[in-house]
There are 2 protein chains.
Amino acid sequence: PLATNMATYQLGDHTLSISMGMYADNRRRLVERVRKAGCPDTGVAVFMGGKSLSRHDSDHEPLFRQESYFHWVFGVSEPDCYGTVDIASGESILFVPRLPAEYAVWMGKIHSTDHFKAKYEVDRVCYVDELATVLRSMHGGKPELLIMNGLNTDSKMMSVPVEFEGMGDFAVNKDILFHEIVECRVHKSPAEVDVMRYTNKISSLAHKEVMRHIRPGLYEYQLESVFRHYCYYNGGMRFQAYTCICGSGDNGATLHYGHSAAPNDKQVKDGDMCLFDMGSEYHCYASDITCSFPANGKFTENQKIIYNAVLKSNRAVLAQIKPGVSYKDMHRLADRIHCEELKAAGLLQGDVDEMMKAFIGTIFMPHGLGHLIGLDTHDVGGYTKGVERTDEPGLRSLRLGRVLEEGMVLTIEPGIYFIPMQIENALNNPEQARFLVPERIAEFEGFGGVRIEDNVYVSSEGGELLTQVPRTVEEIEALMAEECQ
Amino acid sequence: PLATNMATYQLGDHTLSISMGMYADNRRRLVERVRKAGCPDTGVAVFMGGKSLSRHDSDHEPLFRQESYFHWVFGVSEPDCYGTVDIASGESILFVPRLPAEYAVWMGKIHSTDHFKAKYEVDRVCYVDELATVLRSMHGGKPELLIMNGLNTDSKMMSVPVEFEGMGDFAVNKDILFHEIVECRVHKSPAEVDVMRYTNKISSLAHKEVMRHIRPGLYEYQLESVFRHYCYYNGGMRFQAYTCICGSGDNGATLHYGHSAAPNDKQVKDGDMCLFDMGSEYHCYASDITCSFPANGKFTENQKIIYNAVLKSNRAVLAQIKPGVSYKDMHRLADRIHCEELKAAGLLQGDVDEMMKAFIGTIFMPHGLGHLIGLDTHDVGGYTKGVERTDEPGLRSLRLGRVLEEGMVLTIEPGIYFIPMQIENALNNPEQARFLVPERIAEFEGFGGVRIEDNVYVSSEGGELLTQVPRTVEEIEALMAEECQ
Ligand SMILES: [Mn+2]
Ligand SMILES: [Mn+2]
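Rules used in this analysis
- Residues numbered from 1 in each chain as written.
- Chains lettered and ligands numbered in written order.
- Predicted model: local features only at pLDDT ≥ 70, side-chain atom pairs only at ≥ 80, totals over all residues.
- Heavy atoms only, no water.
- Helix = DSSP H or I, 4+ residues; strand = E, 2+ residues; numbered from the N terminus.
- Rg over C-alpha atoms; globule rule 2.2 N^0.38 Å.
- Buried < 20%, exposed > 50% of the residue type's maximum accessible area, 1.4 Å probe, protein only.
- Contact = heavy atoms within 4.5 Å.
- Areas by Shrake-Rupley, 256 points an atom, 1.4 Å probe, with all protein chains shown as cover.
- Lys, Arg positive; Asp, Glu negative; His and termini not counted.
- Charge placed at Lys NZ, Arg CZ, Asp CG, Glu CD.
- Salt bridge = Lys/Arg side-chain N within 4 Å of Asp/Glu carboxyl O.
- Donors = N, O, S within 2.8 Å, 3.2 Å for Na, K, Ca; no water.
- 1 Å grid on protein atoms, 1.4 Å probe; cavity = no way out; pocket = protein on both sides within 12 Å on 5 of 7 lines; lining within 4 Å.
- Points joined across faces, edges and corners; volume = space filled by probe spheres on them.
- Nonpolar A, V, L, I, M, F, W, Y, C, P; charged D, E, K, R; others polar.
- Core = buried A, V, L, I, M, F, W, Y, C linked by side-chain atoms within 4.5 Å.
- Pairing = 2+ DSSP bridges.
- Phe/Tyr/Trp six-rings, centres within 6.5 Å; stacked < 30°, edge-to-face > 60°.
- Lys NZ or Arg CZ within 6 Å of the ring centre and 35° of its normal.
- Axes fitted to C-alpha atoms, helices over the stretch in contact; angles between N-to-C directions.
- Parallel < 35°, antiparallel > 145°, perpendicular 65-115°, else oblique.
- Least-squares fit on C-alpha atoms with pLDDT ≥ 70 in both.
- Polar contact = N/O pair within 3.5 Å; in protein donor to acceptor, adjacent residues only side chain to side chain.
- Buried area = accessible area lost by both parts, 1.4 Å probe.

Undergrad: Talk me through the overall build of chain A; I want residue IDs and the actual numbers.
TA: When you go through chain A residue by residue, the secondary structure sums to 16 helices and 18 strands. In terms of overall dimensions, chain A is globule-like: its C-alpha atoms have a radius of gyration of 24 Å, near the 23 Å expected for 485 residues. Within chain A, the fraction of its 485 residues that count as buried is 62%. Contacts in chain A between residues at least 24 apart in sequence constitute 75% of all its contacts with a sequence separation of at least 6. For chain A, the accessible surface area stands at approximately 17,800 Å², while carbon and sulfur atoms represent 51% of it. Between the mean site of the 48 positive side-chain charges and the mean site of the 68 negative ones, chain A shows a separation of 2 Å.

Undergrad: How would you summarise the pattern of salt bridges if you had to cite specific residues and measurements?
TA: Under the definition given, this model contains 76 salt bridges over all chains. With a shortest N-O distance of 2.8 Å, R402 of chain A and E183 of chain A are connected by a salt bridge. Here R402 of chain A is found in the loop between helix 12 (360–364) and strand 14 (409–412), whereas its partner E183 of chain A is found in helix 6 (residues 177–186), with 219 residues between them in sequence. Between E405 of chain B and R402 of chain B there is a salt bridge, with its nearest N and O atoms 3.6 Å apart.

Undergrad: Can you explain the coordination of the manganese ion (ligand 2)? Please cite residues and give values.
TA: Residues and elements named next belong to chain B. Around the manganese ion (ligand 2), the protein supplies D288 (OD), H371 (NE2), E413 (OE) and E453 (OE) as donor atoms, at distances of 2.0 to 2.4 Å. Sequence positions of the donors to the manganese ion (ligand 2) reduce to the motif D-x82-H-x41-E-x39-E. Placement of the pair is E413 in the loop between strand 14 (409–412) and strand 15 (415–417) and E453 in the loop between strand 16 (449–451) and strand 17 (454–458), with a sequence separation of 40 residues. Residue E453 is classed as buried on the basis of its relative accessible area of 0%.

Undergrad: Tell me about empty space enclosed by the protein, and please be specific about residues and values.
TA: Applying the stated rule across the entire model yields three cavities of 30 Å³ or more. The volume enclosed by the largest cavity comes to roughly 60 Å³. In terms of lining residues, the largest cavity is bounded by S225, R228, H229 and Y232 of chain A together with S225, R228, H229 and Y232 of chain B. Elements with a minimum of two residues in the lining of the largest cavity: helix 8 (220–235) of chain A together with helix 8 (220–235) of chain B. Its residues assigned to classes, the lining of the largest cavity shows two nonpolar, four polar and two charged.

Undergrad: Now, about the nonpolar core: what can you tell me, with residues and values included?
TA: F47, L94, Y327, L410 and F418 of chain B are the most contacted members of the largest nonpolar core, which has 134 residues in total. With eight residues, the top contributor of residues to this core is helix 7 (residues 190–213) of chain B. Sequence-distant contacts of F418 of chain B, that is, excluding residues within four places in its chain, are made with A253, I306, L347, F364, I423, I441, F444, F447 and G448 of chain B. Ranked by size, the runner-up nonpolar core spans 133 residues in total, among them W72, V182, I412 and A426 of chain A.

Undergrad: Please set out the pairing of strand 3 (residues 43–48) of chain B residue by residue, giving values where relevant.
TA: Residues and elements named next belong to chain B. Within strand 3, six of the six residues are buried, leaving the element largely enclosed by the surrounding structure. Of the two faces of strand 3, the one holding G43, A45 and F47 and the one holding V44, V46 and M48 are both buried throughout. Summarising the sheet, strand 3 and strand 4 (residues 82–86) pair through five bridges and their orientation is antiparallel. Looking at the pairing, V44 lines up with D86 of strand 4.

Undergrad: Outline the packing of aromatic side chains, listing residues and values.
TA: Think of a pair of aromatic rings as described by two things: how far the centres are apart, and how the planes are tilted against each other in angle. Residues and elements named next belong to chain A. Throughout the structure, instances matching the rule amount to 32 aromatic pairs over all chains. Centroid distance F364 to F418: 5.9 Å. Interplanar angle 70°. Geometry classified as edge-to-face. With a gap of 54 residues between them, F364 in helix 12 and F418 in the loop between strand 15 (415–417) and helix 13 (420–427) connect regions that are remote in the sequence. Look at F364 and you get buried, because its relative accessible area is 1%. For R185, the ring lying beneath its charged end belongs to Y69, and the centroid distance is 4.4 Å.

Undergrad: Explain the coordination of the manganese ion (ligand 1) residue by residue, including any values.
TA: When a metal carries six donors in an octahedron, the ideal angles between them are 90 or 180 degrees, while four donors in a tetrahedron ideally lie at 109.5 degrees. Residue and element names in this part refer to chain A. Each protein donor to the manganese ion (ligand 1) is listed here as D288 (OD), H371 (NE2), E413 (OE) and E453 (OE); together their distances run 2.0 to 2.4 Å. Between consecutive donor residues of the manganese ion (ligand 1), the sequence gaps follow D-x82-H-x41-E-x39-E. Placement of H371 in the loop between helix 12 and strand 14 and of E413 in the loop between strand 14 and strand 15 is noted, with a sequence separation of 42 residues between them. Its relative accessible area of 3% is what places H371 among the buried residues. Judged by its relative accessible area of 9%, E413 is buried.

Undergrad: Can you break down the packing of helix 7 (residues 190–213) of chain A against helix 16 (residues 473–480) of chain A residue by residue, with the values?
TA: All names here are of chain A. One can describe the packing of helix 7 onto helix 16 by two numbers: an axis separation of 8 Å at closest approach and a directional angle of 65°. Taken as axis vectors, helix 7 and helix 16 run roughly perpendicular relative to one another. Between helix 7 and helix 16, the contacting residues are K208, M211 and R212 on the first element and I476, L479 and M480 on the second. Of the residues contributing to the contact of helix 7 with helix 16, the split by class is four nonpolar, no polar and two charged.

Undergrad: An account of the sheet that holds strand 10 (residues 245–248) of chain B is needed here, citing residue identities and associated values.
TA: Residue and element names in this part refer to chain B. Overall, antiparallel pairing links the three strands, which are arranged 10-11-13 in an open sheet. Every other strand in the sheet has two partners, leaving strand 10 and strand 13 (289–294) as the edge strands with one partner each. Adjacent strand axes in the sheet meet at a mean angle of 10° when their direction is disregarded. In this sheet, strand 11 (residues 273–278) lies alongside strand 10 in antiparallel orientation, the contact comprising four bridges. Looking at the pairing, C246 lines up with F276 of strand 11.

Undergrad: Lay out the relation of the copies chain A and chain B in plain terms, naming residues and giving numbers.
TA: Superposition of chain A onto chain B requires a rotation of 180° combined with a translation of 0.0 Å along the rotation axis, giving an RMSD of 0.0 Å. Seen this way, the second copy is the image of the first under a two-fold rotation axis. When C-alpha positions in chain A are compared against the rotation axis, the closest is assigned to H229 of chain A, at 2.9 Å.

Undergrad: Go over the side chain of E78 of chain B with me, naming the residues and quoting the values.
TA: If you trace the backbone, E78 of chain B turns up in the loop between helix 2 (68–74) and strand 4. A polar side-chain atom of E78 of chain B sits 2.9 Å from a polar atom in the side chain of K119 of chain B. Of the polar contacts made by the side chain of E78 of chain B, one reaches the side chain of Y120 of chain B; its length is 2.6 Å. Contact partners of E78 of chain B, with chain neighbours within four places excluded, come to A261 of chain A together with F64, Q66, F116, K119 and Y120 of chain B.

Undergrad: Can you lay out the interface of chain A and chain B for me, pointing to particular residues and giving the numbers?
TA: Facing 82 residues of chain A, the contacting portion of chain B comprises 82 residues. Between chain A and chain B, a total of about 6,300 Å² is buried, with carbon and sulfur atoms accounting for 54% of that surface. On the chain A side of the contact with chain B, D57, W106 and Y233 of chain A bury the most area, a combined 13% of that side's loss. Joining chain A to chain B, the criterion identifies six salt bridges. Across the pair D59 of chain B and R399 of chain A runs a salt bridge whose closest N-O atoms are separated by 3.0 Å. At the boundary of chain A and chain B, one finds 38 residue pairs in polar contact (both at pLDDT 80 or more). Broken down by secondary-structure element, the contributors of at least two residues to the side of chain A that touches chain B are helix 2 (68–74), helix 3 (103–106), helix 8 and helix 13 of chain A. Examining the composition of the side of chain A that touches chain B, we find that nine residues originate from one element, helix 8 of chain A, more than from any other. Partitioning the side of chain A that touches chain B into residue classes produces 33 nonpolar, 33 polar and 16 charged.

Undergrad: Explain the sheet that holds strand 4 (residues 82–86) of chain A residue by residue, including any values.
TA: All names here are of chain A. If you trace the six strands from one edge of the open sheet to the other, you get 6-5-4-3-7-8, paired in mixed fashion. Among the strands making up the open sheet, the edge pair consists of strand 6 (124–127) and strand 8 (171–173). With direction set aside, neighbouring strand axes in the sheet form an average angle of 30°. In the packing of helix 4 (residues 113–120) onto the sheet, the strands contacted are strand 5 (92–96) and strand 6, and the crossing angle to strand 6 comes to about 140°.

Written out as structure tokens, the structure is:
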């Protein structure tokens, strides 16, 4: 049975049309890998979609967003589904909940299984309550269920275990599926890269709109609102890939600013440097872009120094991107360039090789250089069998420790921040303090930070920059002088 | 120990300033009620705040929104807190998580307990890991913990049970707290009503902006985006109180349209009636407003007929609102007016008293007339001891079955919908079919529906209309002729 590749996902006629063939291709890739990994002849992969949730004990239902693995396999928007993929035949079956008659009054049309078969181009559609029965009809009643069982290397949490009525009757194999689907997600198909070009295009345009709109006196959250509105109204992007980080002034030095305890609530001041890290998602595919710029549209000399140092490391890494390059080396390269530039600007002193041994770069960039990106902002597979985290300052926080391979999409996001605790600790540590020029560094008190974050596709030829925002000082100043749209 | 009532919550200088004294007053009201309810001398209420969550096994953290009861008691924005209120003395203690040093790099300043004491004006602030120790220091080591234990009458779920390390050492009382705090939440204080005036003001202005903005050819979700942006940018309302319902054309007949399986994705057509049910929240206080209007700005005759029938029932109920009135009676009143108006318009025939006995109104309005509103959109306490749901069509779905009391805030949201399944069922039921005029009703195929939803405060004098949007046909047509802002 073959899918016909006619169905698409699209939100409005002005947004990207995604062929359901993309998901058929994902399943085909998965089946191929799982077979090669030594799957038993009777193997059937079983996936559990995300469940509808309530807020605490209330009837408030947060807007449903599909579980990422399930989305990758089936591209299904509805909650409470299951799905199977038979490894021997490649047959895919989607299981949808059987909805009560009242659903039609409150929630909308109750669609037939044929509707879902056409919408998602799977081979069959059944009801969730038929899952055990359907499985028993496969492989002479003795299928071996391949289920998810593995560690997310960013959250350090195990995958959500599949559960369904009657599951106890089947043999279960927890050893194959997780690793293979992670590797599939790591290596994006051309169609997936197209989606990420789109998410980057829209989020880039939204960042530009924010830069045109900003002026001292506005509040950070108002710029968050401008960004969200641009992406949804123009790009059909209903969700943010992550909570917007709109740090102005010293808030730029809080790496994950913007959450409920630090909710983008400062007034933007003349003279502030802004660090805005925002990205929306489209049909669950993320974007993750940081722009740094002066609130008033004109860089000061000190702002230029820090900005250009970070831009230099970003562009140096970008030029190196290609299969075979170690991202740990790229992290070290960025650190080295920061040290060189901060030395040239008089904030550091001494030998740069010695600085690297003393982890001086990490004082100013405590986070990792970047991460894989896809259906999750911090996408799966940043470490894999045989690739461990390096337990030293900086690299310890790097989410992508692998050698680059064709098909990866990743972020390059070097930054230099003036984080009071980091600088204080360094000044109190004789091994580090000797490289610092305290009186020059003191000029940057309250500066916040600069991060320049791009999303890049690793092709056989090199790195393709997906993000399209002004990056040089001149480009930024020119854009910010424009009227907003 | 007394709070000083100087601290406030505000997002930007152009939004509402909420005094922390509002929460001190909430606690005072709770203590008074719990004492009267026969609390033991050693009673200490213990509350667990909302926890930080992750999306499935990923490190994606949805933006935290406080648990509603905890918010009502403490007004605290941060996740992972606990709190206690000693009933005998009234002393309030907030317990905040002890944060690791890295928090300062990633998430922001680690605030002292003194900071939180000043920010929230509680009597003391301790760390969560001190909770059992602090409790043991009270009432000679033998406090009786009052904890939440009751049913949410909308979700049918039990309250989330409080849990903490060392809880097993204490005597626990599950019988008092839940009922008393629900009754406190049902009866809003003047300060709480002020907040709801504000949420209604901003959401009303946003609805007006949407009505100015809409034109055939746009997609429903673009209007959702206009609404969300207006509320956040102008009102500091980061969350929607519920998922936006932007039904145009026949989508207006899906009562809870807009969720992930029906995501506001239709193009708005010339001639469509629109039913937009949207409300934002400010510091967790909700608004819930529905406006119905023609997409092109001019009502047709049939649109006017249905619209005016619903407006008539809405205004008739509003005129009756005052303490002592049964909301079940109000629901029946709305149903009766709909029957009278639909008869006058030729869609129904026969005696209206007979129609009421045959539940004809429910065909066109399957939902309840309204609900309490506060920290949850469907707020707690719609039924209470001795007040049961009436098991008959229509009233079965009514979320507020009580006699009105001063201090309640509720919605009045009558509607008339042309829901294919409802009409088909009625035509197949001889008891109901005899009242229907099928050929006239057929004119409304694909019409969708009209809902007119206002938020109303029950004062001693009557109902105060909090919602401020154009409601008559003339007002709506005049507004929609304006340019958008
Ligand atoms: Mn990133
Ligand atoms: Mn409502």
